[in-house]
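# Structural overview
For reference, the chains in residue letters:
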2 protein chains.
Amino acid sequence: MADLLSVAKLAGVSRATAARAFSTPDLVRDTTREKIFHAAQQLAFRPNKVAQQLRLQTTQMIGVMVPSLDNPVFAEQLQAMEVAARACGYSLIVTTSEYDASRENEIVEEMLRQRVDGLVLTVAEADKSAVLTQLHQETTPCLLVYNPPGNSGFPSVGVDNHAASEAATRYLITLGHQQIGMVAGPLLQSDRARQRYEGYCLAMQAAGLAPSPLIEMPRHTQADLKSLAPHLHGDNALSALICTNDLLAISLIGELQRAGLSVPNDLSVMGFDGIALGKYVYPSLCTVEQPRADIGRAAIHTMLNMIQGERPVLTPLPYVLRKGESVGALTTRKTPPGISSRSVA
Amino acid sequence: MADLLSVAKLAGVSRATAARAFSTPDLVRDTTREKIFHAAQQLAFRPNKVAQQLRLQTTQMIGVMVPSLDNPVFAEQLQAMEVAARACGYSLIVTTSEYDASRENEIVEEMLRQRVDGLVLTVAEADKSAVLTQLHQETTPCLLVYNPPGNSGFPSVGVDNHAASEAATRYLITLGHQQIGMVAGPLLQSDRARQRYEGYCLAMQAAGLAPSPLIEMPRHTQADLKSLAPHLHGDNALSALICTNDLLAISLIGELQRAGLSVPNDLSVMGFDGIALGKYVYPSLCTVEQPRADIGRAAIHTMLNMIQGERPVLTPLPYVLRKGESVGALTTRKTPPGISSRSVA
DNA sequence: TTGTACGCGTTATCAT
DNA sequence: ATGATAACGCGTACAA
């Protein structure tokens, strides 16, 4: 591919003049600039960003790491980040960690070698992340997304999971529910999920209710009725559930309906995240909506500020309690049909 | 950040030797190599990829452009691409075009300046894409994803939309449906959507049935009952629908249920794409599943071959007709309740 | 206004 | 086995 030197030669000027025609056009006479542009066009010249990056010691690239793109939460956030970054002249290097610590390490190392101007990461657990502690040695600015700003020492953009979860729980209590459970993926995998459980417990206790132990699903984004069935009958049968993410909630609602139960008549189900699709399913998903696009944009703009050397000042973004058909007021009801241990076996 | 020269000095060797210690370790004596590694560690040396890229004239980066990440089809494909690329030592620069032609241009130009080793694109319409015709002038290999391999002149990985749509239609016909309609976003926006409509028409005609005109929704991924209501009663009331994508289908099913209709009893609804969530909603989505992960992986591996200079040989990937609860056999029924033009107004 | 010359951090060729 | 040196393509301080 043609380089500046060949353009300069064709235009009959020195390489420096050709370079100036592009970087500082007003420093070169109109006529010669035209000559240069013309030559560039003829040779299909295209500035080499790699050389620019080396010379200017900045890549205008931001390294992004999310756990997975199979979860629309991250995909929707990334979508907003990409648009925002591009609007500011930045490109995104996108990687997925799959919640794997060793992968997280490799990815960050790779990005640092690539000399990205900044890192925007979502890690499994910010407080006990080897990557993050190691990153403190580096000068490359780093920003977390979704991870609660605990003692990781890095700024973070996201909502207050604690408060959001409390609000969700209180909402269900307001509707008369007393037997409320929380459903999560395996092992309370992420720090967000843990905070959400804590918020739930606090809200329950504040209302004089007993929090139930966490109900763990075998998979992070797919519900399984078997794990749930024991909690749906008997004296302490739950009348409402909060799921730690929307995919879990939607698939749970599907499973319940498939088992002949009605949501919300037999059981109210609430989600967490606010993915777009939740508005369109039936029953529509009642959920705590995180402003995913706002989060993505805020992450980019904050990161750009950090790159400029500013110290970020971050206040949690506002969550929205999105009402939906999957949650209803508590109604007295008999033991629901079709949910005996036999029918779900 | 420390560079090779400072490492060399600290280790008491020349820059060349230091470089060799990393690139060709066996060409340097064990003891000196140790010295060099030690020095590198002390200085927290980290190879500069930008310099390598300039020197080696290869970035090990692939430029990826998808229409949007808000649609799980692309997100799920990208997820697979990222994993596959990373496994081969490549990074991904990810961009979203939002189906905007001018954005497509800017993005591709930007990526070429970045000297990506290859481009993997999904454009709105491969046949009439300004970007693609211009790309023929370039030497950077380019591969399409999802776009049918028409006369764009570029290889493409994806399923045979035509055949897949025919198969879907035939499936409905097999179940006894005769009044089958197809629902799409506005303007038959993408070449895929058009092919799917053509496939539907062909299958209908082959069965001696009359294809219905396309039913257009105001938005690409969100259904609207008003546009549909006219087709649901009267002599030619439809008994089955095929949507051009899964999001449309899922939201349509939601709307129908909300209007008091039963899917599939009153109306069978079929999707297209096979996003993961479709399996978990109720009724589960009957759809034509594109192997999104396979497509993503195949795209990367094909691209790597193209970068090696090989000419790609591409056969369409197999689609799978995923059965689901949203489609049932035709049953005689009266005009469904609650769908009069009044009730949806 | 334009040209000369250096450096960004590597790899690779040629000597030694 | 190691060292000196020339690229890779560009931006810019300095000189003219």
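As the structure is a prediction and not an experimental result, all values here were calculated from the model.

## Focus: the overall build of chain A
The helix and strand tally for chain A stands at twelve helices and eleven strands. Computed over its C-alpha atoms, the radius of gyration of chain A comes to 26 Å, more than 25% above the 20 Å expected for a compact globule of 345 residues. Judged by the C-alpha coordinates and their principal axes, chain A covers about 90 × 40 × 35 Å. Long-range contacts, defined here as pairs at least 24 residues apart, represent 70% of the contacts in chain A between residues at least 6 apart. Looking at charge distribution, chain A has the averaged site of its 30 positive side-chain charges lying 6 Å from that of its 32 negative ones.

## Let's talk about the sheet that holds strand 8 (residues 240-243) of chain A
Residues and elements named next belong to chain A. Spatial ordering of the open sheet is given by 7-6-8-9-10-11, a layout of six strands whose pairing is mixed. Either end of the sheet is taken by a strand with one partner, and the two such strands are strand 7 (215-216) and strand 11 (320-322). Examined bridge by bridge, strand 6 (residues 180-184) and strand 8 share four bridges and lie parallel to one another. Bridging from a neighbouring strand, Val183 pairs with Cys243 of strand 8. Relative to strand 6, helix 9 (residues 191-206) is tilted by about 175 degrees, and along the sheet it contacts strand 6, strand 8 and strand 9 (268-273).

## Regarding the nonpolar core
If you look at the biggest cluster of nonpolar residues, it comprises 106 residues, and the most contacted ones within it are Leu228 and Leu256 of chain A together with Leu228 and Leu256 of chain B. Once residues lying within four places of it in the same chain are set aside, the contact partners of Leu228 of chain B are Val183, Ile215, Met217, Leu241, Leu252 and Leu256 of chain B. Of all hydrophobic cores here, the second largest spans 36 residues; its members include Leu112, Leu119 and Ala126 of chain A together with Val123 of chain B.

## Focus on the protein's contact with DNA strand C
Around DNA strand C, the surrounding shell holds 26 residues, and the nearest of these are Thr17, Arg20 and Arg55 of chain A together with Leu4 and Arg55 of chain B. Close to the protein, within 4 Å, the atoms of DNA strand C belong to sugar or phosphate groups at a rate of 62%. Gln57 of chain A places a side-chain nitrogen or oxygen 3.3 Å from a sugar or linking oxygen of DNA strand C. A distance of 2.7 Å separates a phosphate oxygen of DNA strand C from a polar backbone atom of Leu4 of chain B. Elements with a minimum of two residues in the surface near DNA strand C: helix 2 (15-23) and helix 4 (49-56) of chain A together with helix 2 (15-23) and helix 4 (49-56) of chain B.

## Quick notes on the interface of chain B and chain A
Each partner contributes residues to the interface: chain B has 52 residues there, and chain A has 52 residues. Put simply, chain B and chain A have ten salt bridges between them. Residue Arg46 of chain A is joined to Glu109 of chain B by a salt bridge in which the shortest nitrogen-to-oxygen separation is 3.2 Å. Among the secondary structure elements, those contributing two or more residues to the side of chain B that touches chain A are helix 4, helix 5 (72-87), strand 2 (91-96), helix 6 (101-113) and helix 11 (246-258) of chain B. Residue composition of the side of chain B that touches chain A, grouped by class: 22 nonpolar, 14 polar and 16 charged.

## Focus on the pattern of salt bridges
Residue and element names in this part refer to chain B. Tallied over the full model, the rule gives 36 salt bridges over all chains. Put simply, Arg86 and Glu82 hold a salt bridge, and the shortest N to O gap is 3.1 Å. In this pair, Arg86 and Glu82 both sit in helix 5, four residues apart, roughly one turn of the helix. Neither Arg86 nor Glu82 differs from the other in exposure class; each is buried.

## What to know about the relation of the copies chain B and chain A
Superposing chain B onto chain A takes a rotation of 180 degrees plus a shift of 0.1 Å along the axis, which leaves an RMSD of 0.2 Å. Given the turn and translation reported, the copies of this chain are related as if by a two-fold rotation axis. Minimal C-alpha distance to the rotation axis in chain B is attained by Ile93 of chain B, lying at 2.4 Å. Taken as a fraction of all interface residues of chain B, those also at the interface in chain A reach 100%, which identifies the copy contact as same-surface.

## A look at the side chain of Glu138 of chain A
The residue Glu138 of chain A is located in the loop between helix 7 (130-135) and strand 4 (142-145) in this model. Among the polar contacts listed, one links the side chain of Glu138 of chain A to the side chain of Arg46 of chain B, at a separation of 3.0 Å. Not counting chain neighbours up to four residues away, the residues in contact with Glu138 of chain A comprise Leu112 of chain A together with Met1 and Arg46 of chain B.

## As for the pairing of strand 10 (residues 286-289) of chain B
Inspection of the sheet shows strand 9 (residues 268-273) of chain B paired to strand 10 of chain B by four bridges, in the parallel sense. Bridge pairing links Gly271 of chain B to Thr287 of chain B in strand 10 of chain B.

## Overview of the protein's contact with DNA strand D
Taken together, 25 residues lie near DNA strand D, and Leu4 and Arg55 of chain A together with Ser14, Thr17 and Arg20 of chain B sit nearest. The sugar-phosphate share of atoms of DNA strand D within 4 Å of the protein amounts to 56%. Between DNA strand D and the protein, one listed contact pairs a phosphate oxygen with a backbone N or O atom of Arg29 of chain B at 2.8 Å. Those elements that provide at least two residues to the surface near DNA strand D are helix 2 and helix 4 of chain A together with helix 2 and helix 4 of chain B. Its residues assigned to classes, the surface near DNA strand D comprises twelve nonpolar, six polar and seven charged.

## Re the sheet that holds strand 6 (residues 180-184) of chain B
All names here are of chain B. The six strands lie next to each other as 7-6-8-9-10-11, forming an open sheet whose pairing is mixed. Bordering the open sheet on either side are strand 7 (215-216) and strand 11 (320-322), each of which pairs with just one other strand. Inspection of the sheet shows strand 6 paired to strand 7 by two bridges, in the parallel sense. Bridging across to strand 7, Ala184 finds its partner in Glu216. Across the sheet, helix 8 (residues 161-174) lies against strand 6, strand 8 (240-243), strand 9, strand 10 and strand 11, angled at about 165 degrees from strand 9, the strand it touches most.

## Considerations on helix 5 (residues 72-87) of chain A
An α-helical turn contains 3.6 residues, so a residue and the one three or four places further along point in the same direction. Residues and elements named next belong to chain A. Between its first and last C-alpha, helix 5 extends 23 Å over 16 residues, near the 22 Å set by a 1.5 Å rise per residue. Taken across its 16 residues, helix 5 has 14 buried, putting it largely inside the fold. Positive backbone phi, approximately 80 degrees, marks Gly89, located one or two places after helix 5.

## Here's the deal with the UniProt feature "domain: HTH lacI-type" (unreviewed entry) in chain A
Per the UniProt record, the feature "domain: HTH lacI-type" (unreviewed entry) sits at residues 1-56 of chain A. Along residues 1-56 of chain A the backbone is 68% helical and 0% strand, and the end-to-end C-alpha distance reaches 21 Å.

## Focus on the environment of Arg219 of chain A
Residue and element names in this part refer to chain A. Relative to the elements of secondary structure, Arg219 occurs in the loop between strand 7 and helix 10 (225-228). On a C-alpha basis, the gap between Arg219 and Asn71 in space is 13 Å, while along the polypeptide they are 148 residues apart. Each residue touching Arg219, except ones within four places of it in the same chain, is listed here: Gly185, Pro186 and Leu248.

The rules behind each value
- Residues numbered from 1 in each chain as written.
- Chains lettered and ligands numbered in written order.
- Predicted model: local features only at pLDDT ≥ 70, side-chain atom pairs only at ≥ 80, totals over all residues.
- Heavy atoms only, no water.
- Helix = DSSP H or I, 4+ residues; strand = E, 2+ residues; numbered from the N terminus.
- Rg over C-alpha atoms; globule rule 2.2 N^0.38 Å.
- Contact = heavy atoms within 4.5 Å.
- Lys, Arg positive; Asp, Glu negative; His and termini not counted.
- Charge placed at Lys NZ, Arg CZ, Asp CG, Glu CD.
- Pairing = 2+ DSSP bridges.
- Axes fitted to C-alpha atoms, helices over the stretch in contact; angles between N-to-C directions.
- Core = buried A, V, L, I, M, F, W, Y, C linked by side-chain atoms within 4.5 Å.
- Buried < 20%, exposed > 50% of the residue type's maximum accessible area, 1.4 Å probe, protein only.
- Near = heavy atom within 4 Å.
- Polar contact = N/O pair within 3.5 Å; in protein donor to acceptor, adjacent residues only side chain to side chain.
- Salt bridge = Lys/Arg side-chain N within 4 Å of Asp/Glu carboxyl O.
- Nonpolar A, V, L, I, M, F, W, Y, C, P; charged D, E, K, R; others polar.
- Least-squares fit on C-alpha atoms with pLDDT ≥ 70 in both.
- Expected span 1.5 Å × (residues − 1).
- UniProt positions renumbered as here; feature names shortened; annotations may be inferred.

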